[in-house]
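Tertiary structure, described
Single-letter residue listing:
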Amino acid sequence: QVQLVESGGGLVQPGGSLRLSCAASGSVFSINGMGWYRQAPGKQRELVAGFTSGGSTNYANSVKGRFTISRDNVKKTLYLQMNSLKPEDTAVYYCRARRDYDGYLYWGQGTQVTVSS
């Protein structure tokens, strides 16, 4: 089993920044393809940024140039640096990890990000 715990969400004004963290624990050796997703009210959950199993990164078009995904393998933590935040970035942000041998998906509990003046 793998546990994912997100933190760092909050209320920020447009143009501001936040850094989200996702701490992984448990059988982390079995996971790959970690990433960040978000879900706004009334919308489907969507990929924000992620690492592929090969280590490359991908981003949603809407966040390219503003968000940066990174990880600390020693601390077993995934990060999402979010700059130039916009009201449309308001959502619950989730951390996701995929178990390498069967593709099972682990999700964190989510952290709320609200961008508003």
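This text gives an overview of the structure that appears in the document. Quantities reported herein were computed from a predicted structural model and do not represent experimental measurements. (Residues numbered from 1 in each chain as written. Predicted model: local features only at pLDDT ≥ 70, side-chain atom pairs only at ≥ 80, totals over all residues. Heavy atoms only, no water.)

For strand β4 (residues 31-39), the tally of buried residues reaches seven of nine residues, placing the bulk of the element in the interior. Pairing analysis gives seven bridges linking β4 to strand β9 (residues 91-99), with the strands arranged antiparallel. Within β9, the residue paired with W36 across the bridge is C95. Linking β4 to strand β5 (residues 46-51), which pair antiparallel, is a turn of six residues; within it G42 sits at a positive phi near 75 degrees. (Buried < 20%, exposed > 50% of the residue type's maximum accessible area, 1.4 Å probe, protein only. Helix = DSSP H or I, 4+ residues; strand = E, 2+ residues; numbered from the N terminus. Pairing = 2+ DSSP bridges.)

Reading across from one edge, β1-β3-β8-β7 is the order of the four strands in this open sheet, with antiparallel pairing throughout. What marks the edges here is a single partner per strand, and that holds for β1 (2-7) and β7 (67-72). On average, each strand axis in the sheet is inclined to that of its neighbour by 15 degrees, with strand direction left out of account. In this sheet, strand β3 (residues 18-26) lies alongside β1 in antiparallel orientation, the contact comprising six bridges. Note on β3: the bridge partner recorded for Q3 is S25. (Axes fitted to C-alpha atoms, helices over the stretch in contact; angles between N-to-C directions.)

Before going further, it helps to examine the packing of aromatic side chains. Between two aromatic rings, the relevant description is the distance of the centres plus the angle of the planes. Overall, the coordinates contain three aromatic pairs when judged by the stated rule. Pairing Y104 with Y106 gives two aromatic rings, centres 5.0 Å apart and planes at 75 degrees, and the pair type is edge-to-face. The ring of W107 carries R45 above its face, with NZ or CZ at 4.6 Å from the centroid. (Phe/Tyr/Trp six-rings, centres within 6.5 Å; stacked < 30°, edge-to-face > 60°. Lys NZ or Arg CZ within 6 Å of the ring centre and 35° of its normal.)

Scanning all chains against the criterion turns up four salt bridges. R66 is the partner of D89 in a salt bridge, and the nearest nitrogen-oxygen pair spans 2.8 Å. Of this pair, D89 sits in the loop between β8 (77-82) and β9 while R66 sits in the loop between β6 (57-59) and β7; the two residues are 23 residues apart in sequence, bridging distant segments of the chain. (Salt bridge = Lys/Arg side-chain N within 4 Å of Asp/Glu carboxyl O.)

This brings us to the layout of surface pockets. Approximately 280 Å³ is the volume attributed to the largest pocket. If you go around the largest pocket, you meet 15 residues; those closest to its centre are V28, I31, M34, R71 and N73. At the level of elements, β4, β7 and β8 are the ones that each hand at least two residues to the lining of the largest pocket. Here the lining of the largest pocket takes four residues from β4, the largest share from any one element. Here the residues of the lining of the largest pocket sort into five nonpolar, seven polar and three charged. (1 Å grid on protein atoms, 1.4 Å probe; cavity = no way out; pocket = protein on both sides within 12 Å on 5 of 7 lines; lining within 4 Å. Points joined across faces, edges and corners; volume = space filled by probe spheres on them. Nonpolar A, V, L, I, M, F, W, Y, C, P; charged D, E, K, R; others polar.)

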